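Each chain is listed here by its residues.
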Amino acid sequence: MKLEPPSSPVPQQLAPAEGGFVAWTQNTADRLRWLWFALLAALYLIGYSTSWRLHPDSAFYLETGRNIARGLGFTYHGQINRLAYPGLPQLLALLHRLFPQAVIPLANALLLLMAFAALAATYRLLTRVVGRPQAVIVTLFFASSVGFMKQSYAILTDVPFY
């Protein structure tokens, strides 16, 4: 007995309905994407602070950046550190050299800009891979996640690599 391939690759009861909720959600998100992105940007900017959110790792990065700016090398409490990523301490060292009295507010602003860049890169990549409506929805969910928002306001290396 010879088996015939199915006439449709997806059974009719599993196929998405034309103009259903999913299509409406994608079309609405796509149509209002700049409004959603502006609201998220405003929410992130409202959360910006010029004060330091205490965290042991951020103290390490701030101290290491200050030591690099002073010419003491990649050290923390007088000891050489070979485990941490060098990018953020180098940026903080540059801030220490250029604006020694405003390192914390500028570091917070820099990390917030990195968060915006990460969201823009996520949106751009997903637009090319899955299409614009899906990219809008995934980027909105990613940007509104608690983990990403918390990391966007901390002086840590997590945002560029989140």
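Residues numbered from 1 in each chain as written. Predicted model: local features only at pLDDT ≥ 70, side-chain atom pairs only at ≥ 80, totals over all residues. Heavy atoms only, no water.

**Q** Outline the overall build of the protein, listing residues and values.
**A** The helix and strand tally for the protein stands at 8 helices and 2 strands. Taken from the N to the C terminus, the helices and strands of the protein come in the order α-α-α-β-β-α-α-α-α-α. Counting across all 162 residues of the protein, residues that qualify as buried make up 33%. Of the roughly 10900 Å² of accessible surface on the protein, a fraction of 66% belongs to carbon and sulfur atoms. (Helix = DSSP H or I, 4+ residues; strand = E, 2+ residues; numbered from the N terminus. Buried < 20%, exposed > 50% of the residue type's maximum accessible area, 1.4 Å probe, protein only. Areas by Shrake-Rupley, 256 points an atom, 1.4 Å probe, with all protein chains shown as cover.)

**Q** If you had to explain unusual backbone geometry to someone new, which residues and values would you point to?
**A** Here the phi dihedral of histidine 77 falls at roughly 55 degrees; this positive angle occurs in a residue that is not glycine. Structurally, histidine 77 is set in the loop between strand E1 (75-76) and strand E2 (79-80).

**Q** A description of the packing of helix H1 (residues 21-31) against helix H6 (residues 132-143) should follow, citing residues and the corresponding values.
**A** In the contact formed by H1 and H6, the axes pass within 8 Å of each other and the chain directions differ by 80 degrees. When the axes of H1 and H6 are compared, the pair comes out roughly perpendicular. Within the contact between the two elements, H1 uses Thr25, Gln26, Ala29 and Asp30 and H6 uses Arg132, Pro133, Gln134, Val136 and Ile137. Per-class residue counts for the contact of H1 with H6 are 4 nonpolar, 3 polar and 2 charged. (Axes fitted to C-alpha atoms, helices over the stretch in contact; angles between N-to-C directions. Parallel < 35°, antiparallel > 145°, perpendicular 65-115°, else oblique. Contact = heavy atoms within 4.5 Å. Nonpolar A, V, L, I, M, F, W, Y, C, P; charged D, E, K, R; others polar.)

**Q** Can you lay out the side chain of serine 152 for me, pointing to particular residues and giving the numbers?
**A** Relative to the helices and strands, serine 152 resides in helix H7 (residues 146-152). For serine 152, the side chain forms a polar contact with the main-chain oxygen of phenylalanine 148, separated by 2.7 Å. Once you skip the residues sitting within four places of it in the chain, serine 152 turns out to touch Tyr44, Leu111, Leu112, Ala115 and Val159. (Polar contact = N/O pair within 3.5 Å; in protein donor to acceptor, adjacent residues only side chain to side chain.)

**Q** Describe in detail helix H3 (residues 56-70), supporting the description with residues and values.
**A** An ideal rise of 1.5 Å per residue puts 21 Å on 15 residues; H3 measures up with 21 Å between its terminal C-alpha atoms. Among the residues making up H3, those that are buried are Ser58, Phe60, Tyr61, Leu62, Glu63, Thr64, Gly65, Asn67 and Ile68. Buried residues along H3 sit against E1, helix H4 (87-98) and helix H5 (103-130). Immediately beyond the C-terminal end of H3, within one or two residues, lies glycine 71, with a positive phi of roughly 90 degrees. (Expected span 1.5 Å × (residues − 1).)

**Q** Run through the confidence of the model for the protein, naming residues and quoting values.
**A** Of the residues in the protein, 86% have a pLDDT of 70 or more, and the chain-wide mean is 86. This stretch, residues 10-15, has a pLDDT under 50; its non-local contacts, to residues over four places away or in other chains, come to 1 contact. (pLDDT = per-residue confidence, 0-100.)

**Q** Mind laying out the packing of aromatic side chains, listing which residues take part and the relevant values?
**A** Summed over all chains, the structure comprises 9 aromatic pairs. A ring pair is formed by tryptophan 34 and phenylalanine 37, whose centres lie 5.7 Å apart and whose planes are at 75 degrees; its orientation type is edge-to-face. Taken together, the residues span about one helical turn, with tryptophan 34 and phenylalanine 37 both in helix H2 (residues 33-46) at a distance of 3 residues. By relative accessible area, which is 56% here, tryptophan 34 ends up exposed. Using a relative accessible area of 18% as the deciding quantity, one classes phenylalanine 37 as buried. Aromatic pair tyrosine 44 and tyrosine 153: ring centres 6.1 Å apart, planes at 35 degrees, arrangement tilted. You can see tyrosine 44 sitting in helix H2 and its partner tyrosine 153 sitting in the loop between H7 and helix H8 (158-161), a full 109 residues away along the chain. Here tyrosine 44 matches tyrosine 153 in class, with each residue buried. Three or more aromatic residues joined by ring pairs make a cluster, and in this case those are Tyr44, Phe116, Phe142, Phe148 and Tyr153. (Phe/Tyr/Trp six-rings, centres within 6.5 Å; stacked < 30°, edge-to-face > 60°.)

**Q** Report on the pattern of salt bridges, specifying residues and quantitative values.
**A** Side-chain pairs of opposite charge can arise whenever the charged atoms involved come near each other. Enumeration over the complete set of coordinates arrives at 3 salt bridges. One salt bridge connects arginine 132 with aspartate 30, and the closest N-O pair in it is separated by 2.6 Å. Note that arginine 132 is positioned in helix H6 and aspartate 30 in helix H1, a separation of 102 residues in sequence. On the accessibility criterion, aspartate 30 (14% relative accessible area) is buried. (Salt bridge = Lys/Arg side-chain N within 4 Å of Asp/Glu carboxyl O.)

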